Amino acid sequence: MEELSKEYTAGVFNRKRFKVLDGVSFSVKPGETLGLVGESGSGKSTVARTMLGLIPPSSGRVLYQDQEVLSPKGRMKKEFCGKMQIIFQHPESALNPRMKICESLLEPMIIQKKDLTRKEMKSRRWELLQQVGLSEEHLNRYPHELSGGQIQRVVLARILSLSPQFLVADEPTSMLDVSVQAQVLRMLKQIQAENGIGLLFISHDIEVVNWMSDRIAVMYKGQIVESAPAEELCQNPFHPYSRLLVESFSSLKQYSAKRDWVENNYTGEAGGCHYYSHCPQAGPDCRQRPVLKETGAEHYIACWLT
Ligand SMILES: Nc1ncnc2c1ncn2[C@@H]1O[C@H](COP(=O)(O)OP(=O)(O)OP(=O)(O)O)[C@@H](O)[C@H]1O
Ligand SMILES: [Mg+2]
């Protein structure tokens, strides 16, 4: 996606515009996982939703193999609907509570894969069920009769039934408890690799992102401030905000102290680097907006200190 921006207007009398995304660009190769990490409110879900045409961007383009994905109104064009899919944080909202799992699993195929016969759909459903680690006994249940982890598996099976080439997973396991999280993530990673799916994996947890991803992009207040291969970013983070994130998972206490400092010192400087008023190393140059520059193999940093 290229230079994607999103503005919202707020206020009833004094309509103020504020930018939630500010010129966000990145690409995901087939079979690759790009992790998108950043604090709450940095715009990660907005990236996911605008990419898939669920909310229209204010400007910018989304390309799938050099083809424009969004219509002029910002909706996803029909031909991409099966190819690009999303898994949300609240999986239960993706399932109809009144539909049995067996019906829920057939529904997307009935709508999108009209060339398949019922018999073919049912045998595909059986394959998918095994792929996501569910058994036949789950088919006759309703969503409320399954656990959160099982629901997320059903949602994944529904998505896989459309053979997507590109998948966005927006904090897919943050509602699950830790042991189930690991199982679901392991399964997602395996399915992604086996099917050569390009994955945009969104989380605020850099440790999880590091485990899932080939490359990581760090987002801060609507901008990508650094991107690099996962290992490189975790070992040599350069941008002061990336460093804060990486340090955070080696020492959580230190992080919360620093985080409080950051929040208390934020003055919302407009125009320049969004991290300006937090950054212990900020200089006069930082009042100008930095652009992403390549400083090493596939390592991009938006910081005047490079
Ligand atoms: N419809 C809307 N109208 C106005 N502001 C919005 C709207 N949707 C999102 N925002 C704002 O946009 C910003 C980014 O939100 P977004 O949901 O993308 O963050 P996020 O990085 O996904 O956070 P989290 O980690 O909590 O999921 C937030 O400040 C949010 O309040
Ligand atoms: Mg979000």
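Located above this text is the structure these notes cover.
A few points on the structure. The structure presented is a predicted model; accordingly, all values stated were derived computationally and were not measured. (Residues numbered from 1 in each chain as written. Chains lettered and ligands numbered in written order. Predicted model: local features only at pLDDT ≥ 70, side-chain atom pairs only at ≥ 80, totals over all residues.)

**Some words on helix H2 (residues 101-112)**
This is how the line gets drawn: Exposure classification rests on a simple neighbour count of other C-beta atoms within 10 Å of a residue's own: a residue reaching 20 or more is buried, one at 12 or fewer is exposed, and one in between is partly exposed. C-beta atoms are placed from the backbone. Here a helix means four or more residues in a row that DSSP labels H or I, a strand means two or more in a row labelled E, and each is numbered from the N terminus. The directions considered for the arc are those from the helix axis to the C-beta atoms. Two residues qualify as being in contact provided that their C-beta atoms, derived from the backbone, are within 7 Å of each other.
Buried within H2 are the following residues: Ile101, Ser104, Leu105 and Met109. Buried residues of H2, seen end-on, are gathered within an arc of 135° and therefore sit on one face of the element. Each element contacted by the buried residues of H2 is listed here: helix H3 (118-131) and helix H4 (148-160).

**Quick notes on the packing of H2 against H4**
Going by this rule: A fitted line through C-alpha atoms serves as each axis, taken over the contacting stretch for helices, and the angle formed by two N-to-C directions is quoted from 0 to 180°. Roughly parallel means an angle under 35 degrees; roughly antiparallel, over 145; roughly perpendicular, 65 to 115; everything else is oblique. The crossing is said to be left-handed when, going from far helix to near helix, the turn is anticlockwise and less than a right angle, and right-handed when the turn is clockwise. In the scheme used here, Gly and all other residues not listed as nonpolar or charged are polar, with Ala, Val, Leu, Ile, Met, Phe, Trp, Tyr, Cys and Pro taken as nonpolar and Asp, Glu, Lys and Arg as charged.
One can describe the packing of H2 onto H4 by two numbers: an axis separation of 8 Å at closest approach and a directional angle of 30°. Taken together, the axis directions place H2 and H4 in an arrangement best described as roughly parallel. As for how H2 packs across H4, the hand of that crossing is right-handed. Where H2 abuts H4, its residues Ile101, Ser104, Leu105 and Pro108 lie against Val154, Ala157 and Arg158. Within the contact of H2 with H4, the residues separate by chemical class into 5 nonpolar, 1 polar and 1 charged.

**Overview of the environment of cysteine 273**
Mapped onto the elements, cysteine 273 comes out in the loop between helix H9 (252-264) and strand S12 (293-296). Residues cysteine 273 and alanine 302, spaced 29 residues apart in sequence, show a C-alpha to C-alpha distance of 8.6 Å. Beyond its immediate stretch of four places on either side in the chain, cysteine 273 contacts Cys286, Arg289 and Pro290.

Function cannot be read off these values alone, since they describe shape.
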